[in-house]
Each structure stands twice: as C-alpha cells, then as structure tokens.
Amino acid sequence: MGINTTAYQQILTELTSANAQLVAVSKTKPVEDIAALYALGQIDFGENYVQELVEKQAVLPKQIRWHFIGHLQTNKVKYIAPFVSLIHGVDSFKLLKEISKQAVKNNRTIDCLLQIHIATEESKFGFSVEELQALQLELPLPNIVIKGLMGMATNTDQTSVIAAEFASLQQLYLSLKKEIPSIDTLSMGMSGDYQLAIQNGSNMVRIGSLLFGARNYPTTSI
Ligand SMILES: *Cc1c(COP(=O)(O)O)cnc(C)c1O
C-alpha cells in the first residue's frame, strides 16, 4: 500500500516531454491511494472492473476523469454510462451500439477507443484490421465519439516484438486519423513497456504498478 511519488514525478516529466497523457491504473487499489495521487494533481484514473469502479466513483471527488480500461460486458455498460470519461477497450460493434444507447439515455456523449488486437496471444481482445474496416461502415453512432485506438502488446521480454506491435498500431492509428477527424488518442503502454510505446507514437499510457505497487491477484472479475 502507498503510492510511489518519486516514480509519479519522474513518469510525468517523461510524458510531458513526449506530449503524452497519464492514466493512473488503480484497479484493486484502495480509495486512499487514489485520493493521495489525486492530491498531487492526477485527474485521470483507470479501472478494469465495473463494480469496483462504480463503488470508487461514488466516494471520490467528482473532478476525477474515470477511464474504463478492462473488458466491458454489454450488460454492464449502463452502470458506468452516467459518468465514465473514456472507454478504452471497445472490442465489438455490439458493445459500441450499447454504449451509444446508454449515452443517449443519459443525455451525454461518451468518448471511446477501439481496441485493436496487436498481440500474438489469443487471449487479448480487440478488432482485427478487417473488422475495423467493417465497423467504419456502421459509423457514426448517436452520442459516441471515436477518439482513437487502444492496444496491448504481447507479454514478452523481447523488446523487438513489442516495438513491432506498437509500430503497427501507430500505422493504423495514423491512417484512421486521416479518415475520422475526431481521432486524436493512441492509448498504448503500461508499466513495463510505456517508454517503447511513446517511442512508437503513444500519447496516452496506462500505468498501474509503477505508481501503486504490485497488485495482489486474483481479483474476481465483477
Ligand atoms: C492493469 C492494466 C494496466 C496497468 O498495468 P501495469 O503493468 O500495472 O502498469 C494497463 N492497461 C490495462 C488494460 C490493464 O488491464
């Protein structure tokens, strides 16, 4: 428990010179730690589990911008639709349609990132390039703004593999940006690979353990 303020300041310095934004990933961490980082000026926080996010949002300052970065189930969109700032992991048209529906219901616009499958692992969610092209034909949707793309690299020590995956996502991002004017966000990079991500054009990194310490898994996905 407890936040690493030295790491926070150092990461902020690196990100500022790269023009990248920090999403502090607080999943499984207590509200006290989030409040402590918020007191240092951090506004953007990322969570992976709907129930946990809803509970934290209720008790923490309303100025916090909450990012949903996990795998979002369609039937849970309604719980976060009233307040969520950016949904990173949109990985199906069905999910995007539901976010649109709930955004309309709440009379607000919800910003979304489309998750692209760049890793070699089967388990990582996301659109393929072909699926992304098919999705574009269905846009725009009411009360949805597509702000950009999100991706997770393969969990490996091989830097060249990670760099190649980030580079391919950057290419896709740059070409999509030409077609969809609202696109300005490329969310890639975590504690272990954020520097590589920035070198490959990321402008939003999602960092948890470097700021809050290692997490104690397992957590139930709720
Ligand atoms: C947990 C998580 C992170 C943060 O991971 P760290 O390695 O702790 O920085 C980033 N992105 C996603 C999608 C996550 O689930």
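For clarity, every value in this text was computed on a predicted model and none was experimentally measured. (Residues numbered from 1 in each chain as written. Predicted model: local features only at pLDDT ≥ 70, side-chain atom pairs only at ≥ 80, totals over all residues. Heavy atoms only, no water.)

### Thoughts on the overall build of the chain
Threshold: A run of H or I in DSSP counts as a helix once it spans at least four residues, and a run of E counts as a strand once it spans at least two, with each numbered from the N terminus. Accessible area is worked out with a 1.4 Å probe on protein chains only. A residue is then buried under 20% of its type maximum, exposed over 50%, and partly exposed in between. Here, residues are in contact when the closest pair of their heavy atoms is within 4.5 Å. Only four residue types enter the tally: Lys and Arg on the positive side, Asp and Glu on the negative side, with His and both chain ends excluded. Every charge is mapped to an atom, namely NZ of Lys, CZ of Arg, CG of Asp or CD of Glu.
Counting its secondary structure elements, the chain contains 9 helices and 8 strands. Its C-alpha atoms put the chain at 45 × 45 × 30 Å along the principal axes. In the chain, buried positions account for 47% of the 222 residues. At a minimum sequence separation of 6, the contacts of the chain that also span at least 24 residues come to 60%. A gap of 7 Å separates the mean positions of the 18 positive and 20 negative side-chain charges of the chain.

### Details of the packing of aromatic side chains
Quick reminder of the rule: The pairing test for Phe, Tyr and Trp rings, Trp by its six-membered ring, is centres within 6.5 Å, and the orientation test on the planes gives stacked under 30 degrees, edge-to-face over 60, and tilted for anything in between.
With the rule as written, the count across this model stands at 1 aromatic pair. The interplanar angle of 45° and the centroid separation of 6.1 Å between the aromatic rings of F45 and W66 together place this pair among those described as tilted. Linking F45 in strand 2 (residues 44-47) with W66 in strand 3 (residues 65-68), this pair joins segments that are 21 residues apart in sequence. In terms of burial, F45 and W66 fall into one category: buried.

### Concerning unusual backbone geometry
Cis geometry marks the peptide bond from L139 to P140; its omega dihedral reads 0°. Looking at the element boundaries, P140 is found in the loop between helix 6 (129-136) and strand 6 (144-151). Positive phi values are uncommon outside glycine, yet T28 reaches one of about 70°. Secondary-structure assignment places T28 in the loop between strand 1 (21-25) and helix 2 (31-39). Even without a glycine there, the phi angle at N143 is positive, about 60°. Tracing the backbone through its elements, the reader meets N143 in the loop between helix 6 and strand 6. According to the relative accessible area criterion, N143 is partly exposed, its value standing at 27%.

### Quick notes on the pairing of strand 6
We count it as follows: Strands are labelled as partners when DSSP assigns at least two bridges between them. Looking down the strands as they point away from the viewer, one classifies a crossover as right-handed if the path from the first strand across the helix to the second runs clockwise.
Most of strand 6 sits out of view: 6 of its 8 residues are buried. Summarising the sheet, strand 5 (residues 110-116) and strand 6 pair through 7 bridges and their orientation is parallel. Looking across to strand 6, one finds that I116 is bridged to G151. Handedness of the crossover is the feature at issue here: the chain leaves strand 5, passes through helix 6, returns alongside strand 6, and the resulting connection is right-handed. As paired strands, strand 6 and strand 7 (residues 185-187) are joined by 3 bridges and run parallel to one another. Looking at the pairing, G148 lines up with T185 of strand 7.

### Looking at the site of the ligand
Definition in use: Proximity criterion: a residue is near a molecule or strand once any of its heavy atoms comes within 4 Å of it. For the purposes of these results, a polar contact is taken to be a pair of N or O atoms within 3.5 Å, where, inside protein, one atom must be able to donate a hydrogen and its partner to accept one; residues adjacent in sequence count only when each atom of the pair is a side-chain atom. Residue burial considers only the protein chains on display, and all accessible areas are found by Shrake-Rupley using a 1.4 Å probe. All amino acids are sorted into three groups, where Ala, Val, Leu, Ile, Met, Phe, Trp, Tyr, Cys and Pro are nonpolar, Asp, Glu, Lys and Arg are charged, and the leftover types, Gly among them, are polar.
As a matter of local geometry, the ligand sits amid 13 residues, with K27, N48, S191, S209 and R215 nearest to it. Between the ligand and K27 there is a distance of 2.7 Å, counted from an oxygen atom to a side-chain nitrogen or oxygen. Here R206 contributes a side-chain N or O atom positioned 2.8 Å from a nitrogen atom of the ligand. Coverage of the ligand by the protein amounts to 91% of the 390 Å² it exposes when considered alone. Its residues assigned to classes, the shell around the ligand comprises 6 nonpolar, 4 polar and 3 charged.

### Some thoughts on the environment of Y38
Here Y38 lies in helix 2. You can call Y38 partly exposed: its relative accessible area is 23%. A sequence separation of 25 residues divides Y38 from Q63, and the C-alpha atoms of the two residues are 9.6 Å apart. Leave out the neighbours within four places in its chain, and Y38 touches I43, F45, P61, Q63 and I64.

### Looking at the pattern of salt bridges
Quick note on the threshold: Counted as salt bridges are all cases of a side-chain nitrogen of Lys or Arg within 4 Å of a carboxyl oxygen of Asp or Glu.
Taken as a whole and assessed by the stated rule, the structure comprises 5 salt bridges. Residues K56 and E47 are paired through a salt bridge, measuring 2.8 Å at the closest nitrogen-oxygen approach. Judged by its relative accessible area of 6%, K56 falls in the buried class. The residue K147 makes a salt bridge to D184 at a minimum N-O spacing of 3.3 Å. With a gap of 37 residues between them, K147 in strand 6 and D184 in the loop between helix 7 (159-179) and strand 7 connect regions that are remote in the sequence. Where salt bridges share partners, they join E47, E52 and K56 into one cluster.

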